[in-house]
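Letter by letter, the chains look like this.
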Amino acid sequence: ATTMPHFLLSLSLSILAHVLGPSRPPSASARAAARRATALRAAEPAEELDRMFFDRAELFVRSGAGGVGAVSMNGQRPVGGNGGAGGDVVLLCDGSLNTLGHLRGRASVRGDRGDDARGKESGRSAREAIVRVPPNCRVSELESGDAVGELREPGERLLIAAGGQGGEGNGDGYRRTRDSRRNYPPGGSTRARLLLSMTLVADVGLIGHPNAGKSTLLRAATRARPKVADYPFTTLVPNLGVCEGGGGAMLWLDIPGLLEGAHEGRGLGRAFLRHVERCRLLLHLVDGESAEPAAEYLAINRELQLYSPRLAATPQVVLVSKAELPHVAERINETVAAIRAVAPHGRILPFSAHSGLNVQQLMQRTHALLRQVQHQQAQEAEAEAAPHGHGPDT
């Protein structure tokens, strides 16, 4: 009789144990773990998307404490050295980063403690702890929400926790006047709980319902290569692309599809709406195959208004996609007329990213409108910065 190989015996026993199930009821710790897992699965979609997209991160920072000064004598003369300063915690803007994903799972950053003095030798100051963040990163206190600062350009630095000063040795106290002779203790560390949030900044933002053709247009107009497919929510993170045509370079931002209730976090909404707040111009794509194109257009604009009236006031160009399809082309005039009846402007253009229909015209018009918007914003900024005139003295 042949014997069963050892690995087959182990495999059979594993399968049998899986089929029969555990022989003992789950422990209290196992039940608690199951409850925590259930709570995580029931978390709000917006929180899950925040964790997935890496555009926010919580960070606990603590600077280093100062080193202790020394008490040392050279005959009758005090010569004790000073302790070294503690390490600062500094944020550094790094242009090579585009998310805060590298900070996920890194709960805290701590500066090193300054070295203690040894006899008449002062201790060395600790090196600063550097945390690299992407451009356009806002820093605020986690609990109060108070702004701490913002890093916009690569190379910018922000001190978020100053290291403690080094303690004085008795040598420094001797050198001062008799009335002020006393040794200062080392400074303690500074602690802070911070919320880091980043915002992508682009000239043009692409918005619309899922599968309206935003990523396809981005591929056609720029060198970006976002994922494109025939099912909704193909885009799960914003995509950036540089459009070189139309008289100059424009930075385009493809936002994941929006649903009704996006301002409350439904679908992929709230986690991404903040990324179009700084866009100067919005390209609003309406699916040419939609049975109710005007309703889709109004639904997206309603979400923008509910999220931020300022965002809803951003100039738009309405694009009717998939115009190369025969059944879309047959009723394209009817679709454009339906949208024009509810839109507050006449900037409506059918296009096809696949056949190239009106793509070049779109880039030229977009660039011309963008220049107008930029000029208007520059004038408004100058008007706000100009000193207000005063009336004649009385």
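Residues numbered from 1 in each chain as written. Predicted model: local features only at pLDDT ≥ 70, side-chain atom pairs only at ≥ 80, totals over all residues. Heavy atoms only, no water.

A. Fine view of the overall build of the protein chain. Counting its secondary structure elements, the protein chain contains 11 helices and 16 strands. Taking all 394 residues of the protein chain together, 42% fall into the buried category. Counting only contacts in the protein chain whose residues sit at least 6 apart along the sequence, the fraction spanning at least 24 positions is 71%. As displayed, the protein chain has an accessible area near 22,300 Å², and 51% of this comes from carbon and sulfur atoms. (Helix = DSSP H or I, 4+ residues; strand = E, 2+ residues; numbered from the N terminus. Buried < 20%, exposed > 50% of the residue type's maximum accessible area, 1.4 Å probe, protein only. Contact = heavy atoms within 4.5 Å. Areas by Shrake-Rupley, 256 points an atom, 1.4 Å probe, with all protein chains shown as cover.)

B. Fine view of the confidence of the model for the protein chain. Overall, the predicted model of the protein chain reaches an average pLDDT of 79, with 72% of residues at or above 70. Predicted confidence is poor over residues 177-181, with pLDDT under 50, and the contacts of this stretch with residues over four places away or in other chains come to three contacts. (pLDDT = per-residue confidence, 0-100.)

C. Up close: the packing of helix H7 (residues 293-307) against helix H10 (residues 332-342). Relative to each other, H7 and H10 sit at 40°, their axes nearing to 8 Å. When the axis of H7 is compared with that of H10, the two are oblique. Our pair here, H7 against H10, has a crossing hand that is right-handed. Contacts between H7 and H10 involve Pro 293, Ala 294, Tyr 297 and Leu 298 from the former and Thr 335, Ala 338, Ile 339 and Val 342 from the latter. (Axes fitted to C-alpha atoms, helices over the stretch in contact; angles between N-to-C directions. Parallel < 35°, antiparallel > 145°, perpendicular 65-115°, else oblique. Left-handed = near helix turned anticlockwise from the far one by under 90°.)

D. A look at H7. Between its first and last C-alpha, H7 extends 22 Å over 15 residues, near the 21 Å set by a 1.5 Å rise per residue. Among all positions in H7, only Pro 293, Ala 294, Tyr 297, Ala 299, Ile 300, Asn 301, Glu 303, Leu 304 and Tyr 307 are buried. (Expected span 1.5 Å × (residues − 1).)

E. Highlighting unusual backbone geometry. Positive phi, close to 60°, is recorded for Asn 136, a residue that is not glycine. By the element assignment, Asn 136 lies in the loop between strand E6 (129-133) and strand E7 (137-141). When its relative accessible area of 15% is taken as the criterion, Asn 136 is described as buried. Phi at Lys 322 is positive, roughly 60°, even though this residue is not glycine. If you trace the backbone, Lys 322 turns up in the loop between strand E15 (316-320) and helix H9 (326-330).

F. Molecular detail of the sheet that holds E15. The six strands lie next to each other as E12-E13-E11-E14-E15-E16, forming an open sheet whose pairing is mixed. Pairing within the sheet leaves two strands with one partner each, and these edge strands are strand E12 (239-243) and strand E16 (348-350). Sheet twist, expressed as the average angle between the axes of neighbouring strands with direction ignored, equals 25°. Here strand E14 (residues 281-286) pairs with E15 via five bridges, running parallel. Residue pairing for E15: Val 286 is matched across the bridge by Val 320. Lying on the sheet, H7 is in contact with strand E11 (204-208), E14 and E15; it crosses E14 at an angle near 145°. (Pairing = 2+ DSSP bridges.)

G. Seen up close, the side chain of Lys 214. Relative to the elements of secondary structure, Lys 214 occurs in helix H5 (residues 214-221). Asp 254 is the oppositely charged side chain nearest to the buried, salt-bridge-free Lys 214, at an N-O distance of 5.1 Å. One polar contact links the side chain of Lys 214 to the main-chain carbonyl oxygen of His 209, over a distance of 3.0 Å. (Lys, Arg positive; Asp, Glu negative; His and termini not counted. Salt bridge = Lys/Arg side-chain N within 4 Å of Asp/Glu carboxyl O. Polar contact = N/O pair within 3.5 Å; in protein donor to acceptor, adjacent residues only side chain to side chain.)

H. Quick peek at the sheet that holds strand E4 (residues 89-93). An order of E6-E4-E9 is seen for the three strands of this open sheet, with the pairing classed as mixed. Both outer strands of the open sheet, E6 and strand E9 (157-161), are each paired with one neighbouring strand and no more. Each neighbouring strand pair of the sheet contributes to a mean axis angle of 30°, computed without reference to strand direction.

I. Representation of the environment of Glu 289. Checked against the element boundaries, Glu 289 lands in the loop between E14 and H7. Of the residues examined, Glu 289 reaches a relative accessible area of 37% and is grouped as partly exposed. Sequence separation between Glu 289 and Val 328 is 39 residues, and the spatial gap between their C-alpha atoms is 6.0 Å. Dropping the residues within four chain positions of it, Glu 289 is found in contact with Lys 322, Leu 325, His 327, Val 328 and Arg 331.

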